[in-house]
Amino acid sequence: MYFSLIVMFICISIVPLFIMRGILLVNVKNSLYSERVENIRQHSETLAEQMVSEDYFEETDNEYINYQMTQLASIYDGRIIVIDSSYTVVWDSYYRINGKQVISEDALKCMRGSQVWHHNDELDIVELSVPVIEETQDGSQILGALLLSSSTATKTEAYIQVRTTSTIVFAIIAFLMAVLVVLFSKVFVKPFKVLVKSINHISEGHFEDTVHLKGFNEIVQISDAFNKMLVQLKDQEESRQEFVSNVSHELKTPMTSIKVLADSLNTQPDAPKELYQDFMKDIVEEIDRENQIINDLLSLVKMDKKAGELNISKVNINEMLEQLLKRLRPIAAKRNIELAFEGFRTVHACVDEVKLSLAFSNLVENGIKYNVAGGWVKVSLDADHNYFYVTVSDSGIGIPEEYQDKIFERFYRVDKARSRETGGTGLGLAITKNIVLMHEGGIKVKSREEEGTVFTVRIPLSLDRQEV
Ligand code: ADP
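Residues numbered from 1 in each chain as written. Predicted model: local features only at pLDDT ≥ 70, side-chain atom pairs only at ≥ 80, totals over all residues. Heavy atoms only, no water.

Describing the overall build of the protein
Okay, step 1: In terms of regular secondary structure, the protein is built from 11 helices and 12 strands.
Okay, step 2: For 468 residues, the compact-globule estimate of 2.2 N^0.38 gives 23 Å, and the protein exceeds it by more than 25% at 52 Å.
Okay, step 3: Going through the 468 residues of the protein one by one, you find that 40% of them count as buried.
Okay, step 4: Across the protein, the fraction of contacts at a sequence separation of at least 24, relative to all contacts at a separation of at least 6, is 65%.
Okay, step 5: With the model as given, the accessible surface of the protein reaches about 27,900 Å², and the carbon-plus-sulfur share is 55%.
Okay, step 6: Side-chain charges of the protein comprise 49 positive and 67 negative groups, with the mean position of each set lying 12 Å from the other. (Helix = DSSP H or I, 4+ residues; strand = E, 2+ residues; numbered from the N terminus. Rg over C-alpha atoms; globule rule 2.2 N^0.38 Å. Buried < 20%, exposed > 50% of the residue type's maximum accessible area, 1.4 Å probe, protein only. Contact = heavy atoms within 4.5 Å. Areas by Shrake-Rupley, 256 points an atom, 1.4 Å probe, with all protein chains shown as cover. Lys, Arg positive; Asp, Glu negative; His and termini not counted. Charge placed at Lys NZ, Arg CZ, Asp CG, Glu CD.)

Below you can see the structure in the form of structure tokens.
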């Protein structure tokens, strides 16, 4: 990343800088030479007009014109050649090729009426050809041409100076930019290096560490999000450890009781038969309890998997709840508790019947377990377009406000003794909540001590509809 950044920054800063320098130098060169050409052009055009008015091509030894041309050639440190319409040199400021013919490309173009100029890099001169045109009533006639050349040595010198200065200035700027690019890339990459180091450190199990990245807003946001994730990981790790220790503890308790009972029988070989029977009954109860815990644990572990594990079918919820109450009525009757069902409408929903039945059973069983003799448990069912709602209310002992958040945690029991006495494992509500969440629903509890408890469950009528 570091080197990619450097290459990227060089491409977007230093390369355009050198392209700019190239364009600048080409422009400087052109403007220097074209300035010289413009000056010569102005003078030579005036000269061409005078040649026409003085009939120069009739009388080429016109002293005035020749003097003007000599002056012009010396001002511009150059040479002037005049050719007539037959390309014959009629005057040469160097007096070398008088009478000879000049049939160059420039001369040909000029005789067709156009002015031409270019720079000869080899000789370091500009060459300009200006036609001498006579305007008559019948049209224009080209009488000859002025072929001028002028040294651009001074201009080239100025150009070289500009080029050298610009090379130095641009090299300094490029160097400073390169230094900035390297520094900036280092600063930019640093937080990522710190993050990678932290991730490696944390992945070794150091969940207590946090990262504090400084710099751009986005980097600080990454740091915050990472720390949040870390807190969740820490919580998960803690709850995993707590769960494992709870499971071991819960499974050990009945085992310890069984061992104590068996040991005491072993140490009393002459114990009466009644005592044996009594102890064996207790041992069987403990085994049942161990079984119950294992069954609940297995259900819970199964529920931890994804909602894809659901066995969905269209279920008549009214019938399902009535069936469930029918099954629990004998247990309720033992404690003289009345079970009632109130369906505001008939509800059909696409759910996992076995799992949902278990979830509501847990709620109703709790309503019975944590109730007072002669109390009641009421189940009601209602629905709207998207959800159905089941409330399980009871006239029981209630749950103190401070424990209401915790009762859905695995193995959490408000009153351990009472839960144990009624065969509770502390897993019922955790199982119920898992099943509800698998159905993408929600569960709420409202309770007052000594008055009763209301659990409200909301489940979508169809899981597919929820996804749309
Ligand atoms: P348990 O097997 O102990 O019943 P649950 O997970 O079903 O475990 O419930 C957790 C705890 O919440 C219970 O131990 C009990 O203290 C409390 N609780 C649950 N339902 C009720 C209720 N209807 N009335 C009063 N307390 C309840």
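Observations concerning the site of the ligand
Okay, step 1: In the neighbourhood of the ligand, 21 residues make up the surrounding shell, with Tyr370, Ser419, Thr425, Gly426 and Leu429 lying closest.
Okay, step 2: Within the side chain of Lys369, a nitrogen or oxygen atom sits 3.0 Å from an oxygen atom of the ligand.
Okay, step 3: Burial of the ligand by the surrounding chains reaches 98%, relative to a free accessible area of 530 Å².
Okay, step 4: Of all the cavities here, the one that holds the ligand is the largest pocket.
Okay, step 5: Going through the elements one at a time, α8 (353–369), α10 (428–438) and β12 (452–460) are the ones with two or more residues in the shell around the ligand.
Okay, step 6: When residues of the shell around the ligand are assigned to their parent elements, the largest contribution, three residues, is made by α8.
Okay, step 7: Grouping the amino acids of the shell around the ligand by side-chain chemistry returns eight nonpolar, nine polar and four charged. (Near = heavy atom within 4 Å. Polar contact = N/O pair within 3.5 Å; in protein donor to acceptor, adjacent residues only side chain to side chain. 1 Å grid on protein atoms, 1.4 Å probe; cavity = no way out; pocket = protein on both sides within 12 Å on 5 of 7 lines; lining within 4 Å. Sits in = over half its atoms within 2 Å of the grid points. Nonpolar A, V, L, I, M, F, W, Y, C, P; charged D, E, K, R; others polar.)

Some thoughts on empty space enclosed by the protein
Okay, step 1: Applying the stated criterion to the full structure yields one cavity of 30 Å³ or more.
Okay, step 2: The wall of the largest cavity is formed by Ile40, Leu72, Ala73, Tyr76, Gly78, Arg79, Ile80, Leu148 and Ser149.
Okay, step 3: At the level of secondary structure, the elements contributing two or more residues to the lining of the largest cavity comprise α2 (63–75), β1 (78–84) and β5 (139–151).
Okay, step 4: Considering each element in turn, the lining of the largest cavity owes the most residues, three residues, to β1. (Points joined across faces, edges and corners; volume = space filled by probe spheres on them.)

Considerations on the sheet that holds strand β9 (residues 376–383)
Okay, step 1: The strand order across the open sheet formed by five strands is β7-β9-β10-β12-β11, and the pairing between neighbours is mixed. Each edge of the open sheet carries a strand with a single partner, namely β7 (338–343) and β11 (442–448). Ignoring which end each strand starts from, the neighbouring axes of this sheet average 15 degrees apart.
Okay, step 2: Pairing of β7 with β9, which is carried by six bridges, proceeds in the parallel orientation. Counterpart to Ala340 in the pairing with β9 is Lys378.
Okay, step 3: Along the sheet, helix α7 (residues 317–334) contacts β7, β9 and β10 (387–394); its crossing angle with β7, the most-contacted strand, is approximately 170 degrees. (Pairing = 2+ DSSP bridges. Axes fitted to C-alpha atoms, helices over the stretch in contact; angles between N-to-C directions.)

So, the layout of surface pockets
Okay, step 1: Taken as a whole, the largest pocket holds about 1,100 Å³ of empty space.
Okay, step 2: Contributing to the lining of the largest pocket are 42 residues, with Lys369, Tyr370, Thr422, Gly423 and Gly424 lying nearest its centre.
Okay, step 3: Sorting the residues of the lining of the largest pocket by element identifies α6 (273–303), α7, α8, α9 (416–421), α10 and β12 as the ones contributing at least two each.
Okay, step 4: Here the residues of the lining of the largest pocket sort into 12 nonpolar, 13 polar and 17 charged.

Examining the nonpolar core
Most often, soluble globular proteins keep nonpolar side chains buried together rather than apart.
Okay, step 1: Counting residues in hydrophobic clusters, the biggest one holds 51 residues, and the most contacted among them are Ile317, Leu321, Phe360, Val364, Phe388 and Phe455.
Okay, step 2: Apart from residues lying up to four places away in sequence, Val364 is in contact with Leu324, Leu325, Leu328, Leu339, Val377, Val379 and Val392.
Okay, step 3: Counting 23 residues, the second-largest nonpolar core is a separate cluster that includes Val37, Met51, Ile65 and Val132. (Core = buried A, V, L, I, M, F, W, Y, C linked by side-chain atoms within 4.5 Å.)

What about the sheet that holds strand β4 (residues 125–136)?
Okay, step 1: If you trace the five strands from one edge of the open sheet to the other, you get β2-β1-β5-β4-β3, paired in antiparallel fashion. Each having just a single partner strand, β2 (89–92) and β3 (116–120) make up the two edges of the open sheet. Across the sheet, the axes of successive neighbouring strands diverge by a mean angle of 20 degrees, strand direction being ignored.
Okay, step 2: The pairing of β3 with β4 spans five bridges and is classified as antiparallel. Of the residues in β4, the one forming a bridge with Asn120 is Ile125.

Some points on a nonpolar patch on the surface
Okay, step 1: On the surface, Ile168, Ile172, Phe175, Leu176, Val179, Leu180 and Leu183 cluster together to form a nonpolar patch covering roughly 700 Å² of accessible area.
Okay, step 2: Looking at where Ile168 falls in the secondary structure, it is placed in helix α4 (residues 153–203). (Patch = residues over 30% accessible without salt bridge, like charges linked within 9 Å, V, L, I, M, F, W, Y side chains within 5 Å. Salt bridge = Lys/Arg side-chain N within 4 Å of Asp/Glu carboxyl O.)

Overview of a negative patch on the surface
Okay, step 1: Taken together, Asp235, Glu238, Glu242, Glu401, Glu402, Asp405, Glu409, Glu449, Glu450 and Glu451 make up a surface patch of like negative charges.
Okay, step 2: Residue class for Glu451 comes out exposed when judged on its relative accessible area of 53%.

With respect to the side chain of Arg36
Okay, step 1: Counting through the fold element by element, Arg36 comes out in helix α1 (residues 2–53).
Okay, step 2: When near neighbours in sequence (up to four residues on either side) are disregarded, Arg36 contacts Tyr76, Val126, Ser150, Ser151, Thr152, Thr154 and Lys155.

Considerations on the environment of Ile65
Okay, step 1: In this structure, Ile65 sits in helix α2.
Okay, step 2: Relative accessible area serves as the criterion here: at 0%, Ile65 is assigned to the buried category.
Okay, step 3: Here the alpha-carbon distance between Ile65 and Glu54, two residues 11 residues apart in the chain, equals 8.4 Å.
Okay, step 4: Discounting chain neighbours no more than four positions away, the residues touching Ile65 are Gln50, Met51, Glu54 and Tyr56.

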